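# Breakdown of the fold
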Amino acid sequence: MAHPIATAAPAAPAITPISVKAILPWAVFFGILLMALIYFVGAEQGATSLISGEDVHEWVHDGRHLLGFPCH
């Protein structure tokens, strides 16, 4: 004879909200990092170049074409 065992369903963990004060420094950091990346991929060439030479251009050359930035 089988006896059913009553088991309680596990309680769902409480979701704690994350405050804007906790997210803001990370959002600013990644925003600056993204802007620097977009600059080096999209504008680091020719008259606007901060770094002399063609090294940066060659490193991000395929990324320029993938993102649709003209470079030739």
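Attention here is on the structure that accompanies the text. Since this is a predicted model, take the numbers as computed values, not measurements.

Definitions and limits used
- Residues numbered from 1 in each chain as written.
- Predicted model: local features only at pLDDT ≥ 70, side-chain atom pairs only at ≥ 80, totals over all residues.
- Heavy atoms only, no water.
- Helix = DSSP H or I, 4+ residues; strand = E, 2+ residues; numbered from the N terminus.
- Buried < 20%, exposed > 50% of the residue type's maximum accessible area, 1.4 Å probe, protein only.
- Contact = heavy atoms within 4.5 Å.
- Phe/Tyr/Trp six-rings, centres within 6.5 Å; stacked < 30°, edge-to-face > 60°.
- Polar contact = N/O pair within 3.5 Å; in protein donor to acceptor, adjacent residues only side chain to side chain.

### Here's the deal with the overall build of the protein chain
Of the regular secondary structure elements, the protein chain holds 3 helices and 0 strands. When the helices and strands of the protein chain are placed in sequence order, the string is α-α-α. Across the 72 residues of the protein chain, 11% fall into the buried class. Long-range contacts, defined as pairs at least 24 residues apart, comprise 20% of the intrachain contacts of the protein chain with a sequence gap of at least 6.

### What about the packing of aromatic side chains?
Two aromatic rings, taken as a pair, are described by how far apart their centres are and by the angle between their planes. Following the criterion strictly, the structure yields 3 aromatic pairs and no others. With 6.4 Å between their ring centres and 85° between their planes, Trp26 and Phe29 make a pair best called edge-to-face. On the criterion of helical spacing, the pair formed by Trp26 and Phe29 is a turn pair, its members being 3 residues apart in helix H1 (residues 20-42). Residue classification places Trp26 among the exposed residues on the basis of a relative accessible area of 54%. For Phe29, a relative accessible area of 45% translates into the label partly exposed. Both rings, one in Trp26 and one in Phe30, keep their centres 6.1 Å apart while their planes meet at 25°; by these two values the pair is stacked. Note that Trp26 and Phe30 are positioned in helix H1 at a spacing of 4 residues, about one turn of the helix. For Phe30, a relative accessible area of 48% gives the class partly exposed. Three or more aromatic residues joined by ring pairs form one cluster here, namely Trp26, Phe29 and Phe30.

### Let's talk about the side chain of His61
Within the fold, His61 resides in helix H3 (residues 61-67). Judged by its relative accessible area of 16%, His61 is buried. Separated by 3.0 Å, the side chains of His61 and His65 make a polar contact.

### Let's talk about the environment of Glu54
Counting through the fold element by element, Glu54 comes out in the loop between H1 and helix H2 (55-59). On the basis of relative accessible area, Glu54 is assigned to the exposed category, the value being 51%. When the C-alpha atoms of Glu54 and Glu44 are compared, they prove to be 9.4 Å apart, with 10 residues separating the residues in sequence.

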